[in-house]
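Next come the chains, spelled out residue by residue.
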Number of protein chains: 2
Amino acid sequence: MRIVLDGMGGDNAPAEIVKGAVQAAAAVDHDIIIVGKQEAIEEELRNCKYTGDKITIVPANDMITMEDSPVKAIRRKKDASMVVGLNMIKNGEGDLFISGGNTGALVVGSRLLLGRISGIDRPVLASIYPCLGYEPSLLVDAGASSESKANNLLEYGLMGSIYVEKVWGRKAPRVGLVNLGVEEGKGTSVTKDAYQRLKLTDLNFVGNVEAREIPKSACDVIVCDGFVGNVILKLTEGLAWNILKTVKGKLMTNIKTKLAAVMLKTQLMELKGDFDYEEYGGAPILGVNGPVIKIHGSSTASAVKNAVIKGIPYAEENVVETIRKAMLDVAETIEIDEEE
Amino acid sequence: MRIVLDGMGGDNAPAEIVKGAVQAAAAVDHDIIIVGKQEAIEEELRNCKYTGDKITIVPANDMITMEDSPVKAIRRKKDASMVVGLNMIKNGEGDLFISGGNTGALVVGSRLLLGRISGIDRPVLASIYPCLGYEPSLLVDAGASSESKANNLLEYGLMGSIYVEKVWGRKAPRVGLVNLGVEEGKGTSVTKDAYQRLKLTDLNFVGNVEAREIPKSACDVIVCDGFVGNVILKLTEGLAWNILKTVKGKLMTNIKTKLAAVMLKTQLMELKGDFDYEEYGGAPILGVNGPVIKIHGSSTASAVKNAVIKGIPYAEENVVETIRKAMLDVAETIEIDEEE
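Bear in mind the structure is a predicted one, so any value in this text is a computation, not a measurement. (Residues numbered from 1 in each chain as written. Chains lettered and ligands numbered in written order. Predicted model: local features only at pLDDT ≥ 70, side-chain atom pairs only at ≥ 80, totals over all residues. Heavy atoms only, no water.)

Engineer: Looking at this structure, I do not really get the interface of chain B and chain A. What am I missing?
Structural biologist: One frequent convention defines the size of an interface as the accessible area lost when the parts assemble. Chain B puts 53 residues into the contact, and the matching count from chain A is 53 residues. Taking both sides of the interface into account, the surface hidden between chain B and chain A amounts to around 4800 Å²; carbon and sulfur atoms contribute 72%. Run the count over chain B and chain A and you get six salt bridges. Taken together, chain B and chain A are joined by 12 residue pairs in polar contact (both at pLDDT 80 or more). At the level of secondary structure, the elements contributing two or more residues to the side of chain B that touches chain A comprise helix H7 (189-200), helix H8 (226-251), helix H9 (255-263) and helix H10 (265-274) of chain B. For the side of chain B that touches chain A, the element with the highest residue contribution is H8 of chain B, accounting for 21 residues. Residues of the side of chain B that touches chain A, tallied by class, amount to 26 nonpolar, 16 polar and 11 charged. (Contact = heavy atoms within 4.5 Å. Buried area = accessible area lost by both parts, 1.4 Å probe. Salt bridge = Lys/Arg side-chain N within 4 Å of Asp/Glu carboxyl O. Polar contact = N/O pair within 3.5 Å; in protein donor to acceptor, adjacent residues only side chain to side chain. Helix = DSSP H or I, 4+ residues; strand = E, 2+ residues; numbered from the N terminus. Nonpolar A, V, L, I, M, F, W, Y, C, P; charged D, E, K, R; others polar.)

Quick look at the structure:
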């Protein structure tokens with residue numbers, strides 16, 4: 001397998017990307033191709049004292065910045081590392097693409113350059129949702145599109161379920177639809193319609209899920225439109241930050257509480273670690289003709305390494321082809337049922 | 001002023017409602033009228049050893065349960081305590097109505113029996129949003145309707161701002177629109193349109209607010225549709241519960257952490273208290289021709305007392321009339337601007 005890394009994507013590129021590639025090369029038996037400015041990447045490889053032959057460089061002299069408009073950048077910056085990398089996947093010169101660059105550009109670029117999987121109306125960015133004390137869930141849509149039709153929500157459930165099963169190795173993932181209440185008739189016209197469609201599939205559809213239950217691992221695949229997904233992810237981040245800040249403040253109240261804080265050092269470190277989902281790898285773009293993974297712009301070498309290792313099944317397990325076949329089946333099931 | 005309490009609404013009715021009324025009667029110089037089953041309420045008053053003349057009873061022999069369908073219950077149960085109480089506000093026999101009963105029925109009943117304020121398309125339930133370490137915000141819509149038009153979001157901002165200013169006493173409340181990003185062009189067609197409308201008002205509109213900033217008191221009035229509002233409130237509840245459970249688990253790890261927990265007892269109690277917003281009173285229904293406040297179904301006597309005390313300005317400060325006038329002004333402003 002050939003894993004293609006966007007050498008210029010993210011705040012710490014190319015240094016952390018290259019370091020992560022070197023760590024990954026020691027851990028997996030696959031070729032790693034770094035796309036980007038050749039001299040800069042070569043220099044980082046020398047800094048890592050890398051002398052192996054698993055890592056190669058494909059030159060790309062331009063890059064897409066965080067300020068670039070996604071559509072324009074993908075169309076005009078033909079020599080940007082992200083565009084070159086995506087084209088390698090398209091042309092069969094690579095099997096998995098990983099980037100920490102401009103999220104909008106990566107989603108748009110995946111759609112424009114790789115194309116949608118046949119039967120999929122809207123490719124989407126999924127995201128890992130941290131559930132303290134439980135395995136994480138996969139949230140789809142993580143904010144790639146703001147409005148979704150019922151059919152899009154069906155696609156999200158289906159693609160999310162296949163990803164969690166094939167890539168995370170969970171059997172019959174529980175698919176839940178974010179809604180106002182658990183009863184079947186709850187919600188907007190879109191969620192009501194999506195509920196009926198999801199019910200017709202072979203998915204392990206657990207029905208509507210209230211937001212209260214999401215952090216308690218109510219389901220493995222959290223299905224919602226991009227607006228709601230964005231609210232769920234960002235509110236979780238903001239609230240966790242605020243609660244931990246408050247706890248920290250209370251520990252600094254006086255000598256006694258400071259002493260207690262010292263006694264709890266191990267547990268406090270654990271708590272911080274519980275919020276760190278780097279070990280689960282990056283966030284997949286689902287519904288395009290090729291495996292693409294988005295990593296955080298601030299990813300460290302260790303996050304890059306994990307994204308490589310955890311992302312391999314996205315390519316090896318034929319997720320793209322499985323989604324294509326599943327969409328064919330679903331189209332038949334739902335059509336038959338609508339005719340009845 | 002005459003404050004009308006739904007004596008039969010909530011899990012602890014009538015006992016905690018009556019106890020709360022007795023506590024409130026000692027604290028405020030207003031008449032308190034409890035609507036409900038006369039004998040049961042009289043018995044609770046005797047249990048409280050109440051002998052004053054501030055509290056009176058208006059009999060109502062039926063009640064709306066949590067299982068009742070809101071519209072049907074309001075239309076058919078003419079002698080339910082909630083219906084009798086709302087009709088007292090309508091007929092000028094009371095100035096403020098407070099209920100811990102079926103939320104849907106209270107919203108529907110307020111609309112049907114009191115009617116919408118002239119110019120308001122959609123009355124709405126607001127909710128107090130707890131911000132640890134800051135004063136709470138008011139979230140509108142808290143889930144009364146699942147879909148909203150741009151004009152509804154404008155109304156929510158306007159009504160929320162008037163309520164926070166008049167009832168909570170905050171000058172020029174910061175009104176924020178929940179959106180995908182802070183930039184003006186972000187979001188769905190509805191939020192983009194709502195942004196433009198809110199900008200044209202005299203409100204202290206702080207623009208789009210990302211969900212990450214909500215727990216950090218990004219604004220005093222959080223404007224969003226009912227679906228998103230429901231997700232924000234319930235996710236906050238579920239996540240806070242899960243984080244505190246995890247912290248508690250870590251404190252129980254071993255002898256040393258248990259000792260630290262004992263040393264932190266005061267601070268842990270404080271933390272629990274920080275999540276308790278009973279002292280801020282109940283959640284107002286905004287946009288109907290009369291002040292109505294919803295309290296939690298599990299409200300204790302102390303919550304009932306606080307809802308009475310904190311709810312008085314909703315009636316005394318002419319919030320309803322202020323909303324009516326503000327809607328007239330806004331209709332003019334936005335019309336003028338659209339003609340330009």
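Past the structure itself, the notes keep going.
Engineer: Looking at this structure, I do not really get the sheet that holds strand E11 (residues 292-294) of chain A. What am I missing?
Structural biologist: Picture the strands of a sheet paired through backbone hydrogen bonds; they go either parallel or antiparallel. Residue and element names in this part refer to chain A. Strand order in the open sheet formed by 11 strands is E3-E2-E1-E4-E11-E10-E5-E6-E9-E7-E8, and the pairing between neighbours is mixed. Single-partner strands in this sheet number two, and they are strand E3 (55-59) and strand E8 (204-209). The average angle at which neighbouring strand axes cross in this sheet is 25°, direction not considered. Sheet topology note: the strand E6 (residues 137-140)/strand E9 (residues 221-223) ladder contains three bridges and is parallel. Looking at the pairing, Leu-139 lines up with Ile-222 of E9. (Pairing = 2+ DSSP bridges. Axes fitted to C-alpha atoms, helices over the stretch in contact; angles between N-to-C directions.)

Engineer: Please clarify how the relation of the copies chain B and chain A should be interpreted in this entry.
Structural biologist: The operation linking the two copies of the chain is a rotation about an axis combined with a translation along the axis. Aligned on chain A, chain B shows an RMSD of 0.1 Å; the corresponding rotation is 180° and the shift along the axis is 0.0 Å. Overall, the copies show the geometry of a two-fold rotation axis. Closest to the rotation axis within chain B is the C-alpha of Ala-260 of chain B, separated from it by 2.4 Å. A symmetric contact is evident, with 100% of the interface residues of chain B recurring at the interface of chain A. (Least-squares fit on C-alpha atoms with pLDDT ≥ 70 in both.)

Engineer: Help me understand the packing of aromatic side chains in this model?
Structural biologist: Each pair of aromatic rings is reported with the distance of its centres and the angle of its planes. Summed over the entire model, instances satisfying the criterion amount to five aromatic pairs over all chains. An aromatic cluster of at least three residues, connected via ring pairs, comprises Tyr-163, Trp-168 and Tyr-314 of chain B. The positively charged end of Lys-216 of chain A is found above the aromatic ring belonging to Trp-241 of chain B, 4.2 Å away from the centroid. (Phe/Tyr/Trp six-rings, centres within 6.5 Å; stacked < 30°, edge-to-face > 60°. Lys NZ or Arg CZ within 6 Å of the ring centre and 35° of its normal.)

Engineer: Which parts of the structure should I look at to understand the nonpolar core?
Structural biologist: Most often, soluble globular proteins have nonpolar side chains that are buried together. Membership of the largest hydrophobic core comes to 110 residues, with the highest contact counts inside it found for Tyr-129, Ile-214 and Ile-232 of chain A together with Tyr-129, Ile-214 and Ile-232 of chain B. In this structure Ile-214 of chain A touches Tyr-129, Cys-131, Val-178, Val-209, Ile-222 and Ile-232 of chain A together with Leu-235 of chain B, once residues within four positions along its chain are discounted. (Core = buried A, V, L, I, M, F, W, Y, C linked by side-chain atoms within 4.5 Å. Buried < 20%, exposed > 50% of the residue type's maximum accessible area, 1.4 Å probe, protein only.)

Engineer: In this structure, what is going on with helix H11 (residues 301-316) of chain A? I would like to understand it.
Structural biologist: For an α-helix, the turn length of 3.6 residues means that residues three or four places apart are oriented alike. Residue and element names in this part refer to chain A. Its 16 residues give H11 an end-to-end C-alpha distance of 23 Å, which sits within 8% of 22 Å, the value for a rise of 1.5 Å per residue. Along H11, the largest kink reaches about 30° and is centred on Lys-310; proline Pro-313 follows within four residues of it. Among the residues making up H11, those that are buried are Ala-301, Ala-303, Val-304, Asn-306, Ala-307, Val-308, Gly-311, Ile-312, Pro-313, Tyr-314 and Ala-315. Asn-318 sits one or two residues past H11 and shows a positive phi near 55°. (Expected span 1.5 Å × (residues − 1). Bend = angle between axes of the 7 residues up to and from the residue.)

Engineer: Sorry, what's going on with helix H5 (residues 103-114) of chain B here?
Structural biologist: Residues and elements named next belong to chain B. Between its terminal C-alpha atoms H5 stretches 16 Å, which fits the 16 Å expected from 12 residues at 1.5 Å a residue. Within H5, the full set of buried residues consists of Ala-105, Leu-106, Val-107, Val-108, Gly-109, Ser-110, Leu-113 and Leu-114. Its side-chain oxygen placed 3.1 Å from the backbone nitrogen of Gly-104, Asn-102 serves as the N-cap of H5. Phi turns positive, to about 85°, at Gly-115, one or two residues after H5.

Engineer: Could you clarify how one ought to interpret the pattern of salt bridges in this entry?
Structural biologist: Close approach of charged atoms allows side chains with opposite charge to pair. Within this structure, the stated rule accounts for 29 salt bridges over all chains. A salt bridge links Asp-95 of chain B to Arg-2 of chain B, with the nearest nitrogen and oxygen atoms 3.1 Å apart. Pair noted here: Asp-95 of chain B is in the loop between helix H4 (81-90) and strand E4 (96-99) and Arg-2 of chain B is in strand E1 (residues 2-6), with a separation of 93 residues, a long-range link. Residue Asp-95 of chain B is classed as partly exposed on the basis of its relative accessible area, which comes to 24%. A salt bridge links Glu-16 of chain B to Lys-19 of chain B; the shortest N-O distance between them is 3.1 Å. Linking Glu-16 of chain B with Lys-19 of chain B, this pair stays in helix H1 (residues 15-27), spanning three residues, or about one helical turn. The class for Glu-16 of chain B is buried, based on a relative accessible area of 17%. Each of Glu-210 and Arg-212 of chain A together with Lys-234 and Glu-237 of chain B takes part in a single network of salt bridges with overlapping partners.

Engineer: Is there a simple way to explain the sheet that holds strand E5 (residues 124-129) of chain B in this structure?
Structural biologist: Residues and elements named next belong to chain B. Read across the sheet, 11 strands follow the order E3-E2-E1-E4-E11-E10-E5-E6-E9-E7-E8 without closing on themselves; strand pairing throughout is mixed. A strand with exactly one partner marks an edge of an open sheet, and here the two such strands are strand E3 (55-59) and strand E8 (204-209). For this sheet, the mean inter-axis angle between neighbouring strands, taken without regard to orientation, is 25°. As defined by bridge partners, strand E7 (residues 174-178) adjoins strand E9 (residues 221-223) across three bridges and the pair is classed as parallel. Residue Gly-176 lies in a different strand from E9, and its bridge partner there is Ile-222. Sitting on the sheet, H1 is in contact with E1, strand E2 (31-36) and E3, with an inclination near 170° to E2. H8 rests against E5, strand E6 (137-140) and E7 of the sheet, and its axis sits at about 30° to E5.

Engineer: Would you explain the pairing of E3 of chain B in this entry?
Structural biologist: Two faces, one strand: in a regular strand the side chains alternate between the faces of the sheet. Residue and element names in this part refer to chain B. Of the strand pairs in this sheet, E2 and E3 are connected by five bridges, and their pairing is parallel. Bridge pairing links Ile-33 to Thr-56 in E3. The β-α-β motif built from E2, the intervening helix H2 (residues 38-47) and the parallel element E3 has right-handed crossover chirality. (Right-handed = clockwise from strand over helix to strand, strands pointing away.)

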